[in-house]
Amino acid sequence: MAKIVCVLYDDPVTGYPKSYPRGGLPLLQKYPDGQSLPTPERVDFEPGTLLGSVSGELGLRKFLESQGHKLVVTSDKDGSNSVLDRELSDAEIVISQPFWPAYMTKERIAKASNLKLIVTAGIGSDHTDLKAAMEKNITVAEVTYCNSISVAEHVVMMILGLVRNYIPSYQWVVKGGWNIADCAARSYDIEGMTVGTVAAGRIGLAVLRRLKPFDVKLHYTDKHRLSAEVEKELGLTYHPSVESLVACCDVVTINCPLHPETEHLFNETLINKMKYGAYLVNTARGKICDRDAIAKALESGKLAGYAGDVWFPQPAPKDHPWRTMPHHGMTPHISGTTLSAQARYAAGVREILECWFAKKPIRNEYLIVDKGKLAGTGKHSYTEGNATKGSEEAAKFST
Ligand code: NDP
């Protein structure tokens, strides 16, 4: 029987919810490209409840214990005396969410001699040292598509929030003011602006589709070009390089995975190639941007605004400069963990575990690493190497 260690974020400070603002979730039939939603044999949770926090347990306990497995759920993931570190030595499976990542470093993987499967309850397995997983023949899987649309909605919200100066205007109201000039002095329409996405995968394409009705000029760069029909339908301009994309955009949104090719892509050199007063929205991964270069660009006015929900490390330390830099619209890492998204990725994790225990193949689109190689979605979107560098420090850092 297997031991499963599941690392989840803490419950709300007010305790695990007893009620929710809405009664349930809309029923979706499939993802926009036709991919089917998760297909576990059954689930033991109510969609629309909080599943991603410790007490929610991703709805897995009944299923796992009924089969004789041991489930350990904890939020204590960093520092050498963390529950995660203490429980790793005989764990067969580790599950965590990118919002509260269990940094599966080479060091941790070496200690976990029984580890065979690492599951990302969400999308983006960069918190796992994929190279080390390949060397140890550990399968890495994630729930592809589960929260791509959730993030795309968040990106549109953040672009509008920055360009229209929403957050400072909201704060004037809360402070009791009626400071219209203060609010308006940094507020624009996006109509007519040039908006570009770095990557037009599931999230990037969904962002482009959602922005189309705003009458903006849509640009993108990606490793693989979209079809001519999609380019025509959305009126897209393709750029073979990120440098040429950023040079003409008023707004840039980052929607690629973090892997060796994209780590610190937005450094001082690339930011200097952007238009003066551009906006940058990054909901992909914190390490795709150089932390200090972003803060400096906001202070100098080179960037008019920066928003996103991804940081490095996570949770971000109290003194992380992105908490206090000017003109930012940062949130904690939340865009992909709406109650709607949680229902999908909890079901997806259950599907992956059902396949694992029944020795049935895991869906190809869920695979990142398998049989010692990049596989499935991992093979398509990642590059070999380790973008987890620095996670050794993050994993040792305890808040
Ligand atoms: P997809 O795999 O559908 O899309 C990723 C796209 O990035 C692919 O089109 C891929 O290209 C492209 N890409 C990879 N490397 C580069 C590069 N160097 N330059 C340009 N494009 C590149 O994934 P999703 O759209 O669903 O998710 C993207 C990322 O968003 C995730 O990896 C994750 O990091 C982040 N994410 C964040 C969440 C949040 O809560 N904030 C939640 C979910 C995801 P191709 O396939 O053509 O090779």
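One can find the structure itself at the top, above this paragraph.
Residues numbered from 1 in each chain as written. Predicted model: local features only at pLDDT ≥ 70, side-chain atom pairs only at ≥ 80, totals over all residues. Heavy atoms only, no water.

Draft legend 1. Just the sheet that holds strand β3 (residues 93-96), in detail. Ordered in space as β2-β1-β3-β4-β5-β13-β14, the seven strands form an open sheet in which the pairing is mixed. The sheet terminates laterally at β2 (70-74) and β14 (373-374), the two strands that pair on one side only. In this structure, strand β1 (residues 3-7) lies alongside β2, joined through five bridges in parallel fashion. By the bridge assignment, Ile-4 is partnered in β2 with Leu-71. (Pairing = 2+ DSSP bridges. Helix = DSSP H or I, 4+ residues; strand = E, 2+ residues; numbered from the N terminus.)

Draft legend 2. Local environment of the site of the ligand. In the region of the ligand, 28 residues are neighbours, and Arg-202, Ile-203, Asp-222, His-224 and His-380 sit closest. For the ligand, the accessible surface in isolation is 920 Å², of which the surrounding protein chains cover 93%. For the shell around the ligand, the secondary-structure elements that each account for two or more residues are α5 (148-163), α8 (202-211) and α14 (376-381). Of the residues belonging to the shell around the ligand, the class tally is nine nonpolar, 13 polar and six charged. (Near = heavy atom within 4 Å. Areas by Shrake-Rupley, 256 points an atom, 1.4 Å probe, with all protein chains shown as cover. Nonpolar A, V, L, I, M, F, W, Y, C, P; charged D, E, K, R; others polar.)

Draft legend 3. Expanded view of the environment of His-264. Within the secondary structure, His-264 sits in the loop between β9 (251-254) and α11 (268-272). A relative accessible area of 37% places His-264 in the partly exposed class. (Buried < 20%, exposed > 50% of the residue type's maximum accessible area, 1.4 Å probe, protein only.)

Draft legend 4. Broad picture of the sheet that holds strand β12 (residues 328-330). Ordered by their spatial adjacency, seven strands build an open sheet running β8-β7-β6-β9-β10-β11-β12, and the pairing between neighbours is parallel. Where the open sheet ends on each side, the last strands, each with one partner, are β8 (237-238) and β12. The pairing of strand β10 (residues 278-282) with strand β11 (residues 303-308) spans five bridges and is parallel. Within β11, the residue paired with Ala-278 across the bridge is Leu-303. Where α8 meets the sheet, it contacts β6 (194-198), β7 (217-221) and β9, and its direction lies at approximately 170 degrees from that of β7. Helix α12 (residues 291-300) rests against β10 and β11 of the sheet, and its axis sits at about 140 degrees to β11. (Contact = heavy atoms within 4.5 Å. Axes fitted to C-alpha atoms, helices over the stretch in contact; angles between N-to-C directions.)

Draft legend 5. Main features of the packing of α5 against α8. In contact at an axis separation of 8 Å, α5 and α8 are set at 50 degrees when each is read in the N-to-C sense. Taken together, the axes of α5 and α8 are oblique relative to one another. For the pair α5 and α8, the sense of crossing is right-handed. In this structure, α5 contributes Ser-148, Ile-149, Val-151, Ala-152, Glu-153, Val-155, Val-156 and Ile-159 to the contact, and α8 contributes Arg-202, Ile-203, Ala-206, Val-207, Arg-210 and Leu-211. Classifying every residue of the contact of α5 with α8 by side-chain character gives 10 nonpolar, one polar and three charged. (Parallel < 35°, antiparallel > 145°, perpendicular 65-115°, else oblique. Left-handed = near helix turned anticlockwise from the far one by under 90°.)

Draft legend 6. Looking closely at α8. With seven of its 10 residues buried, α8 lies for the most part within the structure. The inward-facing, buried residues of α8 abut α5, β6, β7, α9 (228-234) and β9.

Draft legend 7. Broad picture of the pattern of salt bridges. Within this structure, the stated rule accounts for 23 salt bridges. Between Lys-275 and Asp-250 there is a salt bridge whose closest N-O contact spans 2.9 Å. One end of the pair, Lys-275, is in the loop between α11 and β10; the other, Asp-250, is in the loop between α10 (242-248) and β9, with 25 residues separating them in the sequence. Taken together, the shared-partner salt bridges in this structure form one network comprising Arg-42, Asp-44, Arg-350 and Glu-354. (Salt bridge = Lys/Arg side-chain N within 4 Å of Asp/Glu carboxyl O.)

Purely geometric stuff here, so don't read any function into it on its own.
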